[in-house]
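Results of the structural survey
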Amino acid sequence: MKKKVFVLTGSIYLYALMGVAAQGIQFTTGLNWKQVLEKAKKENKLVLVDCYTTWCGPCKKMDKEVYPQEAVGAIVNQNFVSVKVQMDTADNDSQEIKTWYSEASQIRQRFHVTAYPSYLIIAPDGDIVYREAGAKRATTFTEIMQTAADSGRVYARQLADWKAGKKDYTLAPSLIRKAERTRDSKTAISLARNCIEKYIPTLTGAALYNLDLLAATGPYLLTSDKKLFTLFYPEKNGQITDSLLQAKGISAGIASGAIEKEINAMLVKNNDFNKPIINNPDWNKMKQVITKRYDATNADNLINIAQQNWYKITKPDWNKLAQSQLYSIQKNPPSEKWGFAMANNQIWYDIFFHVNDTGILKEAAMVAKKHIIDAEEKQAGKLNAGYIDTYANLLFKLGRNKEAIEWQQKAVALRPEIKSFAEALKKMEKGEPTWLAR
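Residues numbered from 1 in each chain as written. Predicted model: local features only at pLDDT ≥ 70, side-chain atom pairs only at ≥ 80, totals over all residues. Heavy atoms only, no water.

A closer look at the overall build of the chain
The line we're drawing: A run of H or I in DSSP becomes a helix once it reaches four residues, and a run of E becomes a strand once it reaches two; helices and strands are each numbered from the N terminus. Relative accessible area decides the class of each residue, using a 1.4 Å probe on protein chains only: under 20% of the type maximum gives buried, over 50% gives exposed, and in between gives partly exposed. Contact definition: two residues touch when any of their heavy atoms are within 4.5 Å. For the accessible areas, the method is Shrake-Rupley and the probe is 1.4 Å, while residue cover comes only from the protein chains on display. By the counting rule applied here, Lys and Arg register as positive and Asp and Glu as negative, while His and the ends of each chain are not counted. Where a charge lies is defined by one atom per residue type: Lys uses NZ, Arg uses CZ, Asp uses CG and Glu uses CD.
A count of helical and extended segments in the chain gives 21 helices and six strands. Projecting the C-alpha coordinates of the chain onto the three principal axes gives extents of approximately 95 × 70 × 45 Å. Taking all 438 residues of the chain together, 44% fall into the buried category. Put simply, 62% of the contacts in the chain that link residues at least 6 apart link residues at least 24 apart. For the chain, the computed accessible surface area is about 24,000 Å², with 53% contributed by carbon and sulfur atoms. Where the 61 positive side-chain charges of the chain centre and where its 46 negative ones centre are 3 Å apart.

The following block contains the structure:
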């Protein structure tokens, strides 16, 4: 009798546990990263990594409102081994969280996690096969997870076959794009370079002019890839390629990208401006070399791009960066179709907040007024409050307070709901600096 009671009680207890488990996502604990991957491989699942921080409001919202839902758990638990990984550190962190500090840092760096929450879908071999970010409603999240499971498994299988030597080059463009979408630059480069070096040289005639293939591999082209590069450069060849691909301008973009990488190779290792190979670039000499080598009309622009990367990443120098940016904006004025927002952001974030040189600030104010505010009004017939805010703040930093206040009043009138504009106006009226962190 006691045995029967025990069996009955045990069954009820087990059922209760299953019921609790079915209520939401079962996050795995007590394992390290290697063991999580092994568990996924053993269970024939993918890994869902919930990347969160202690200060992230949307992360807490997902924990409270989405992850506990039964419908969410049903999809996720069936397809994934799930693990929560804290990306910051806090004084009250548990011992388990602390044991993940190193692995969390590696995950953040390897998979370029910059937004929270981020959801990384990882194959058991460690490759990322899908990613998403931001708080979601439960229904949206389940749809995302189902898509991630379906497409992630296909991508993982195709990628594994490729790495095992079973290369289906007809899938290469799709694989490259998927690697790019997951920010897996290492895999994207490897796939594209393999196509460029091993596959494309075997193609002839019409097979060579495959828009999908050339568009996917083009960003990874080097000028040393003679056969492929000559499809796009010199210009007369590029015009033929554009015509055959029915894609006007693609050749010029691909050729410029290849030349840009050649310029970068004179400065840094592996196209990474955090890894310089020289100390003081001779920009004029580099410009002469590139112009002579390619007779490239855009050599000046490409050198300018390299300068901006150098002075922003390699050897930070806000004044030189600003001069390079302003030169570029004036030489290639932005338009409604391209560049107003980008140019304004450069002036706002890189120049207004970091430069104190009066001459540079004067030039920046002129450029902001002429090439952004006036140009947009002429082309689109409208004024942008954000661009006016930038201009007004530049005037104020230059000490032209009356003009600055008048322009800032226009920004506030256009977008009264933006608090930062009104706050900047109050500071201007009080004579307080607006170029401190806002």
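Next comes the rest of the write-up.
Things to note about the nonpolar core
Which entries qualify depends on this criterion: Residues enter a nonpolar core if they are buried and are Ala, Val, Leu, Ile, Met, Phe, Trp, Tyr or Cys, with the set joined through side-chain atoms within 4.5 Å.
Counting 69 residues, the largest nonpolar core has Phe80, Phe141 and Met145 as its most contacted members. For this core, the element with the most residues is helix H7 (residues 138–163), which contributes ten residues. In this view, phenylalanine 80 contacts Lys45, Leu46, Val47, Leu48, Ile121, Met145, Ala148 and Ala149; residues no more than four positions away in its chain are not counted. Among the nonpolar cores identified, the runner-up in size contains 35 residues, and Ala343, Trp348, Leu395 and Leu425 belong to it.

Describing the state of the cysteines
Joining two cysteines, a disulfide is a covalent bond between their sulfur atoms. To be explicit about the condition: Cysteine sulfur atoms are paired as a disulfide whenever they fall within 2.5 Å.
Under the definition given, this model contains one disulfide. Two residues, cysteine 56 and cysteine 59, share a disulfide whose sulfurs are 2.3 Å apart. Sign of the S-S torsion, about 85° for the bond between cysteine 56 and cysteine 59, identifies this disulfide as right-handed. Both residues of the pair, cysteine 56 and cysteine 59, belong to the buried class.

A few points about the sheet that holds strand E2 (residues 80–86)
Filter applied, for reference: Strands are treated as partners if at least two bridges between them are detected by DSSP. Comment: axis = line fitted to C-alpha atoms, over the contacting stretch for helices; angle = value between 0 and 180 degrees taken between N-to-C directions.
Taken in spatial order, the four strands line up as E2-E1-E3-E4 in an open sheet, and their pairing is mixed. On the outer flanks of this sheet lie E2 and strand E4 (128–133), each paired with one strand and no other. Taken pair by pair, the neighbouring strands of this sheet meet at an average axis angle of 20°, ignoring direction. Where strand E1 (residues 46–52) meets E2, seven bridges bridge the pair, whose relative direction is parallel. Counterpart to leucine 46 in the pairing with E2 is phenylalanine 80. Running at roughly 160° to E4, H7 makes contact with E1, E2, strand E3 (118–122) and E4 of the sheet.

Details of the pairing of E4
Note: E3 against E4, five bridges, orientation antiparallel. Bridge assignment links serine 118 to a residue of E4, and that residue is alanine 133. From the end of E3 to the start of E4, which pair antiparallel, there are five residues, and glycine 126 there has a positive phi angle of about 100°.

Description of the pairing of strand E6 (residues 272–276)
With two bridges connecting them, strand E5 (residues 268–269) and E6 associate as antiparallel partners. In the strand pairing of E6, valine 268 is matched with proline 276.

Considering unusual backbone geometry
Along the chain, tyrosine 116 connects to proline 117 via a cis peptide bond; the corresponding omega equals -5°. Along the polypeptide, proline 117 turns up in the loop between helix H6 (101–110) and E3. Following tyrosine 233, the chain continues to proline 234 via a peptide bond in cis, the omega torsion being 10°. Checked against the element boundaries, proline 234 lands in the loop between helix H11 (226–232) and helix H12 (235–245). One non-glycine residue with positive phi stands out, namely histidine 112, at about 55°. With respect to the element layout, histidine 112 can be found in the loop between H6 and E3.

Details of the layout of surface pockets
Operational definition: With a 1 Å grid spanning the protein atoms alone, the term cavity applies to any set of points in which a 1.4 Å probe fits but cannot get out, the term pocket to an open set with protein on both sides within 12 Å along at least five of seven lines, and the term lining residue to any residue with an atom within 4 Å of a point. Grid points are joined across faces, edges and corners, and a volume is the space filled by probe spheres set on the points. Gly is placed with the polar residues, together with every amino acid not listed as nonpolar (Ala, Val, Leu, Ile, Met, Phe, Trp, Tyr, Cys and Pro) or charged (Asp, Glu, Lys and Arg).
Size it by volume and the largest pocket reaches roughly 740 Å³. If you go around the largest pocket, you meet 20 residues; those closest to its centre are Ser185, Ile189, Asn270, Asn271 and Asp272. Contributions of two or more residues to the lining of the largest pocket are made by helix H9 (185–199), helix H13 (250–265) and E6. The class makeup of the residues in the lining of the largest pocket is seven nonpolar, seven polar and six charged.

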